[in-house]
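# Fold and geometry: a report
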Amino acid sequence: MEDSSYNSGKLSDASPVGSISSAEIANEFSGLSAEEQTAQREEWSQELARVEEEITTLRTVLQSKMRHASELKRKLGITVWKEITDDVSQGIKNVKESNVYQKTESAIKTTAGKTTSVIGGIAGKMTQKLTEMKQSDSFRSFEERVGSAYENVRSKVSSRSSSVQSLSDIQNDERRSSVTTPTAIPEEKPIP
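Cut-off values and rules
Residues numbered from 1 in each chain as written. Predicted model: local features only at pLDDT ≥ 70, side-chain atom pairs only at ≥ 80, totals over all residues. Heavy atoms only, no water. Helix = DSSP H or I, 4+ residues; strand = E, 2+ residues; numbered from the N terminus. Buried < 20%, exposed > 50% of the residue type's maximum accessible area, 1.4 Å probe, protein only. Areas by Shrake-Rupley, 256 points an atom, 1.4 Å probe, with all protein chains shown as cover. Polar contact = N/O pair within 3.5 Å; in protein donor to acceptor, adjacent residues only side chain to side chain. Salt bridge = Lys/Arg side-chain N within 4 Å of Asp/Glu carboxyl O. pLDDT = per-residue confidence, 0-100. Contact = heavy atoms within 4.5 Å. Patch = residues over 30% accessible without salt bridge, like charges linked within 9 Å, V, L, I, M, F, W, Y side chains within 5 Å. Axes fitted to C-alpha atoms, helices over the stretch in contact; angles between N-to-C directions. Parallel < 35°, antiparallel > 145°, perpendicular 65-115°, else oblique. Nonpolar A, V, L, I, M, F, W, Y, C, P; charged D, E, K, R; others polar.

## Observations regarding the overall build of the chain
Scanning the chain from terminus to terminus reveals six helices and zero strands. Listed by position from the N terminus, the elements making up the chain come as α-α-α-α-α-α. The 192 residues of the chain split such that 5% are buried. Accessible surface, the chain as shown: approximately 17100 Å² in total, 59% of it carbon and sulfur.

This is how it looks when you write it as structure tokens:
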């Protein structure tokens, strides 16, 4: 009997689930006599019933506490939406306070600053080059040629439109004069 209590003590004093392999338990259990195996099974069944009863009791107590907490939240005006919003806000705050976020933010700011300075430098150089180009003799010569060509085309277009307009005025004058001055109809003379 002492042997039985020793073995059952070894089996029931096992540390957390999964730390003893099923093979070890099976080896110890197979080493017991038939009576000891039956007694061990009975002990385990009783312990399982107690644990399941405790779980059921804890579930009932937990449900009761959750209902009570829900009722208190309702009385305080705390809604599910508010809880979610608060949780998200707290999560964002936690992320912003984390070292990873701080390092990333710092790196982004540094990169943005460098990018801005590079873009500013490029824009400055382009402006400087355009200014230099505008001040060059070849650009001035080109600008003068384009300007004189533009003036020539404009003067030709305006002289042509004025000549077209004067031609149009002449035609209109002719129409007016033909309408206003009747043409003479020859008189009939007797035939000799």
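## Considerations on the environment of E36
Looking at the element boundaries, E36 is found in helix 3 (residues 34-76). Residue class for E36 comes out buried when judged on its relative accessible area of 16%. Within the structure, the side chain of E36 is placed 2.9 Å from the backbone nitrogen of S33, a separation counted as a polar contact.

## Remarks on the pattern of salt bridges
Evaluated as defined, the whole model comprises five salt bridges. Between E105 and K109 there is a salt bridge, with its nearest N and O atoms 4.0 Å apart. With E105 and K109 both in helix 5 (residues 99-135) and four residues apart, the pair spans about one turn of that helix. Using a relative accessible area of 57% as the deciding quantity, one classes K109 as exposed. Where E151 meets R154, a salt bridge forms, and the shortest distance between an N and an O atom there is 3.5 Å. A residue pair is termed a helical-turn pair when its members lie 3 or 4 positions apart in one helix, as E151 and R154 do in helix 6 (residues 137-180) at three residues.

## With respect to the confidence of the model for the chain
Across the chain, the average pLDDT comes to 78, with 72% of residues at or above 70. Predicted confidence is poor over residues 1-15, with pLDDT under 50, and the contacts of this stretch with residues over four places away or in other chains come to twelve contacts.

## A closer look at a nonpolar patch on the surface
A cluster of nonpolar residues, V80, W81, I84, V88 and I92, forms a patch on the protein surface that exposes about 540 Å² of accessible area. With respect to the secondary-structure elements, V80 resides in helix 4 (residues 80-97). Relative accessible area serves as the criterion here: at 59%, V80 is assigned to the exposed category.

## Details of the packing of helix 4 against helix 5
Where helix 4 contacts helix 5, the axes come no closer than 5 Å and their chain directions differ by 65 degrees. The orientation of helix 4 relative to helix 5 falls into the category roughly perpendicular. On helix 5, the residues that touch V95, K96 and E97 of helix 4 are N99, Y101 and Q102. Across the contact of helix 4 with helix 5, the residue classes tally to two nonpolar, two polar and two charged.

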